[in-house]
Amino acid sequence: SDPDTEETFDAGSLRTPIVAVLGHVDHGKTTLLDRIRGSAVQEGEAGAITQHIGATAVPLSTISEMAGALVDPTDFDLPGLLFIDTPGHHSFSTLRSRGGALADIAVLVVDVNDGFQPQTEEAIDILKRTGTPFVVAANKVDTTPGWNPQEGQPIQQSLETQSDRASSRLNENLYELIGDLSGKGFSADFYWRVQDFQSNIGVVPLSAMTGEGIPDLLTVLMGLSQRYMKEEMSVDVAGPGVGTVLEVKDEQGFGATLDVVLYDGVVREGDTVVVGGRDEPIVTEVRALLQPRPNAEIRAEKQFERVEEVRAAAGVKIAAPDLDEAMSGAPVRVVRGDDEAALEAVKREVREELARIEVD
Ligand code: GDP
């Protein structure tokens, strides 16, 4: 295809919001991410979700299939959600974009029985400091005594089938959680009662184990992004790629590679990129862009497949020479134009961004 027409067509499109999952240890972050990947796969359609490097993309069509009556896909023009696969506030804090949080939006997972715990508090403080919009996943509703599990169902449908005893027991826990959030200065409520998600925190009761409530969570995340972050999602998807390094990893046959979340623009094979390094910004040329092979094709010797280009938002592995001194958390920027001035400008941006990260 003609790259010039593609660029005109795509300029100014909306990108996928980047979602991070935070919460206290054992409250169910990993299980929730696994369930989102798993249930989306069960929806059956090829390409229902895409496994990226370090992230999972859930397209709007899959969300609307899972959510049934909860979602009218014509209400949305954002393409879906990109979940960062590494949960926890450590990764959240170290992954920045232009000095802010890399994640556009967050899910705070809280075990409904356990309530607020030290790392819940820490996570809330970080979300507050970075001004990241979030929703609360009140997880493990299925452990409520007398619970009648409703695999994969929207939560209100499930609640209708529960005994009075189970419902009131769950409600006690949920109100305690809402109280804890209010103690932290957040007015919160059951998500279906929240009108304005900017000033109120929506609480989504769910089970990462049985999947009930997960359609609701995805719907709320889409709604929140669509309503309040559309401007930030408006990117020049054909512009020079900008991303953040998740990890620097040695790969057989490639040497040191970068696992990157791209949050703006496009990166192509052969592009010149500048990456934050231990001493100075590293200038190198993209030798290969790699994505995980779809599950069915995994062979030990061929874990990755090459792609020619990647568009934000996406996770991708970048193979290029001279990456040994690259740092996780550092910015990556594509240089367009082959003059020295363009290169120097990008190097300066990378230096400034690194300085900002080191100050906080
Ligand atoms: P993380 O440390 O926050 O990533 O927590 P994990 O996802 O590892 O979950 C901790 C434990 O809680 C595991 O044994 C999970 O199987 C269990 N768990 C997580 N979510 C649920 C849930 O919704 N219901 C039940 N019954 N168990 C859960």
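Read on for an overview of the structure. (Residues numbered from 1 in each chain as written. Predicted model: local features only at pLDDT ≥ 70, side-chain atom pairs only at ≥ 80, totals over all residues. Heavy atoms only, no water.)

On to the overall build of the protein, then. Secondary structure summary: the protein contains 10 helices and 20 strands in total. Against the compact-globule benchmark of 21 Å for 360 residues, the protein has a radius of gyration of 21 Å, which places it among compact chains. Put simply, the protein has 360 residues, and 54% of those count as buried. A fraction of 72% describes how many contacts in the protein between residues 6 or more apart in sequence connect residues 24 or more apart. About 16000 Å² of surface is accessible on the protein, with carbon and sulfur atoms providing 46% of the total. Computing the positive centroid from 31 side-chain charges and the negative centroid from 61, the protein places the two 3 Å apart. (Helix = DSSP H or I, 4+ residues; strand = E, 2+ residues; numbered from the N terminus. Rg over C-alpha atoms; globule rule 2.2 N^0.38 Å. Buried < 20%, exposed > 50% of the residue type's maximum accessible area, 1.4 Å probe, protein only. Contact = heavy atoms within 4.5 Å. Areas by Shrake-Rupley, 256 points an atom, 1.4 Å probe, with all protein chains shown as cover. Lys, Arg positive; Asp, Glu negative; His and termini not counted. Charge placed at Lys NZ, Arg CZ, Asp CG, Glu CD.)

It is worth spelling out the sheet that holds strand β11 (residues 242–251) at this point. Here we have 8 strands laid out as an open sheet, ordered β15-β14-β20-β11-β12-β19-β16-β17, and antiparallel in their pairing. With partners counted over all chains shown, the strands left at the sheet margins are β15 (282–285) and β17 (304–307), one partner each. Taking the axes of each pair of neighbouring strands and ignoring which way they run, one obtains an average angle of 40 degrees across the sheet. Two elements, strand β16 (residues 288–292) and β17, share 4 bridges in a ladder whose sense is antiparallel. Bridge pairing in β17 places Leu-290 opposite Arg-306. (Pairing = 2+ DSSP bridges. Axes fitted to C-alpha atoms, helices over the stretch in contact; angles between N-to-C directions.)

Once that is clear, we can look at the environment of Ala-320. Tracing the sequence through the fold places Ala-320 in the loop between β19 (314–319) and β20 (331–335). With near-sequence residues (within four places) excluded, Ala-320 lies in contact with Ala-256, Thr-284, Glu-285, Val-286 and Arg-287.

Peptide bonds are, in most cases, trans, and in most cases residues other than glycine have a negative phi. At the junction of Ala-312 and Ala-313, the peptide bond is cis and its omega measures out at -10 degrees in the coordinates. Within the secondary structure layout, Ala-313 lies in the loop between β18 (309–311) and β19. Positive phi outside glycine occurs at Asp-26, with the angle close to 70 degrees. Residue position: Asp-26 is located in the loop between β1 (18–23) and α2 (29–42). We classify Asp-26 as exposed; its relative accessible area is 63%. Of note, Lys-140 is a non-glycine position whose phi angle comes to about 70 degrees, a positive value. You can see Lys-140 is positioned in the loop between β8 (134–139) and α6 (155–160). Residue class for Lys-140 comes out partly exposed when judged on its relative accessible area of 24%.

Attention shifts here to the sheet that holds strand β7 (residues 105–111). Reading across from one edge, β2-β3-β4-β1-β7-β8-β10-β9 is the order of the 8 strands in this open sheet, with mixed pairing throughout. The open sheet is flanked by β2 (50–52) and β9 (187–190), the only strands paired with a single partner. Sheet twist, expressed as the mean angle between neighbouring strand axes with direction ignored, is 30 degrees. Here β9 pairs with strand β10 (residues 200–205) via 4 bridges, running parallel. Across the sheet, the residue bridging to Ser-187 is Asn-200, located in β10. Those strands touched by helix α3 (residues 60–67) are β3 (55–59) and β4 (80–84), and its axis lies near 65 degrees from that of β3. Strand contacts of helix α5 (residues 118–130): β1, β7 and β8, with the helix running at about 165 degrees to β7, the strand carrying the most contacts.

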